[in-house]
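Below are the chains, spelled out letter by letter.
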Amino acid sequence: MKVSELLIRERKPARGLLAFEWVAIGYLVLTVVMMALVWDRLASPAEMLKGRAQFLLLTLACWGLYYLWPCRLMVLVRVLVQMAFLGWWYPDTYELNRTLPNLDHVFAGWEQSLFGCQPSLLFSQRVPYAWFSELMCMGYVSYFPLMVITLLYYYAKRYQEFLQSAFVLLAAFFVYYVVFVLVPVTGPQFYYLAVGTERIAAGVFPDVGDWFLTHSERMAAPGWADGFFYHLLDLTHDAGERPTAAFPSSHVGITTVIMLLALRTRSRGLILTVLPFYVLMCFSTVYIYAHYAIDAIAGLLTGVLLYFSLKALWPRIS
């Protein structure tokens, strides 16, 4: 795609909001309803409403700019704005799900029953090498870059499928966010710290109740603490990580969607770019204490399901 093509007015511009924008607004409405149900238990409901109002205004402003000059550049801007807000919506799930009873003891128990141990606790102990730690951390922090690279490929090379790809990817995120709000599981990095790794190693998984209503401390990730990607992982965790979003692993789920989008293009370059990071992601989520192994497995399965379901839904809503 030539740069000059970005500003050419589209012959058949979309008249209203795009499908992924409607999905985001639907999620906004759903969470406002949920906020009303647990209003007294929310830490800062007014700020949450303010953030939603700002999101809505910015989404409408992007639509307005596109309406004034409907071109491919404005389509890209609308997609990028929604992608940027994903980083805001993610910690927001914690504000809602911490008002519900925590379920980590249930999931840790399932993990123990299935594997006879806690893979997240043992993985880094069995593979304590600095180079392996860096690979795991690199895989985990590749999350958003992989999404941007894949969507930009569609934008530049397969523009006719760009909006569908953006819808599949963004809608998948919001499906996961709904699950995260309704299924309050924090994952090993928070639960193990709350109850103590000695209990976890002994196969004891106490119910912590509403502990995470007032606590958000997490375990430091294992591995080579002096590594570049380890520090990058630490920065991303400090910026946006909260005791939320463990089941299923959206990191695995979304990168599964990205992998399938890459395979659809049959572009050898894109596939070979995404594939190694996808493999690393499937293992890194467990290695760095972010998820139980069952979270990663569920992420893979739901990622496949969401890709094909949302792809099939596209012709009905486009």
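Residues numbered from 1 in each chain as written. Predicted model: local features only at pLDDT ≥ 70, side-chain atom pairs only at ≥ 80, totals over all residues. Heavy atoms only, no water.

## Quick look at empty space enclosed by the protein
- All told, the structure shown has three cavities of 30 Å³ or more when counted by the stated rule.
- Counted as a void, the largest cavity has a volume near 70 Å³.
- Lining the largest cavity are Y90, Y140, T186, Q189, E241, T244, A245, A246, S250, H251, A290 and H291.
- When the residues that make up the lining of the largest cavity are grouped by side-chain class, the tally is five nonpolar, six polar and one charged.
- Taken as a whole, the second largest cavity spans an internal volume of roughly 50 Å³. (1 Å grid on protein atoms, 1.4 Å probe; cavity = no way out; pocket = protein on both sides within 12 Å on 5 of 7 lines; lining within 4 Å. Points joined across faces, edges and corners; volume = space filled by probe spheres on them. Nonpolar A, V, L, I, M, F, W, Y, C, P; charged D, E, K, R; others polar.)

## Focus on unusual backbone geometry
- Going from F247 to P248, the amide bond is cis rather than trans, its omega being -15°.
- Note on placement: P248 falls in the loop between α11 (228-240) and α12 (250-265).
- We note that R266 has phi near 60°; this positive angle belongs to a residue other than glycine.
- Within the secondary structure, R266 sits in the loop between α12 and α13 (268-287).
- Positioned with a positive phi, Y289 is a non-glycine residue whose angle comes to about 75°.
- Structurally, the position occupied by Y289 is in the loop between α13 and α14 (293-317). (Helix = DSSP H or I, 4+ residues; strand = E, 2+ residues; numbered from the N terminus.)

## What to know about the nonpolar core
- By size, the foremost hydrophobic cluster in this structure holds 86 residues, and its most contacted members are W89, L96, M147, L151, F162, Y177 and I254.
- Ignoring sequence-local partners within four residues, the contact set of F162 consists of V75, L76, V79, L151, Y154 and Y155.
- Counting residues in hydrophobic clusters, the runner-up holds 17 residues, among them V185, F190, V195 and F212. (Core = buried A, V, L, I, M, F, W, Y, C linked by side-chain atoms within 4.5 Å. Buried < 20%, exposed > 50% of the residue type's maximum accessible area, 1.4 Å probe, protein only. Contact = heavy atoms within 4.5 Å.)

## Topic: the environment of P119
- Within the element layout of this structure, P119 appears in helix α5 (residues 119-126).
- For the pair P119 and Y292, spaced 173 residues apart in the sequence, the C-alpha separation amounts to 7.2 Å.
- Leave out the neighbours within four places in its chain, and P119 touches E111, V286 and A293.

## A closer look at the pattern of salt bridges
- All told, the structure shown has seven salt bridges when counted by the stated rule.
- The closest approach of N and O atoms between D92 and R52, which form a salt bridge, is 2.6 Å. Here R52 lies in helix α2 (residues 45-68) and D92 lies in helix α3 (residues 72-97), a separation of 40 residues in the sequence.
- Residues R218 and D238 are paired through a salt bridge, measuring 2.9 Å at the closest nitrogen-oxygen approach. Here the residue R218 occupies a position in the loop between α10 (197-201) and α11, and D238 occupies one in helix α11, the gap between them amounting to 20 residues. (Salt bridge = Lys/Arg side-chain N within 4 Å of Asp/Glu carboxyl O.)

## Brief notes about the layout of surface pockets
- Roughly 610 Å³ of internal volume is contained in the largest pocket.
- For the largest pocket, the lining is made up of 24 residues, of which E10, K12, A14, Y66 and L163 are closest to its centre.
- Going through the elements one at a time, α1 (19-37), α3, α8 (162-182) and α14 are the ones with two or more residues in the lining of the largest pocket.
- When grouped by side-chain class, the residues that make up the lining of the largest pocket number 13 nonpolar, four polar and seven charged.
- Its boundaries defined by the atoms lining it, the second largest pocket holds a volume of some 410 Å³.
- Contributing to the lining of the second largest pocket are 17 residues, with Y90, Y143, F144, T236 and H251 lying nearest its centre.
- Sorting the residues of the lining of the second largest pocket by element identifies α3, α6 (130-141), α7 (143-157), α8, α11 and α12 as the ones contributing at least two each.

## So, the side chain of T99
- If you trace the backbone, T99 turns up in the loop between α3 and α4 (104-115).
- Apart from residues no more than four positions distant in its own chain, T99 is found in contact with V38, R41, L42 and L213.

## Considerations on α13
- Given a rise of 1.5 Å per residue, 20 residues ought to cover 28 Å, and the 29 Å separating the end C-alpha atoms of α13 matches this to within 8%.
- Maximal helix bending in α13 amounts to about 30°, located at M281.
- The inward-facing, buried residues of α13 abut α5, α6, α7, α12 and α14.
- Two residues or fewer after α13 comes Y289, characterised by a positive phi angle close to 75°. (Expected span 1.5 Å × (residues − 1). Bend = angle between axes of the 7 residues up to and from the residue.)

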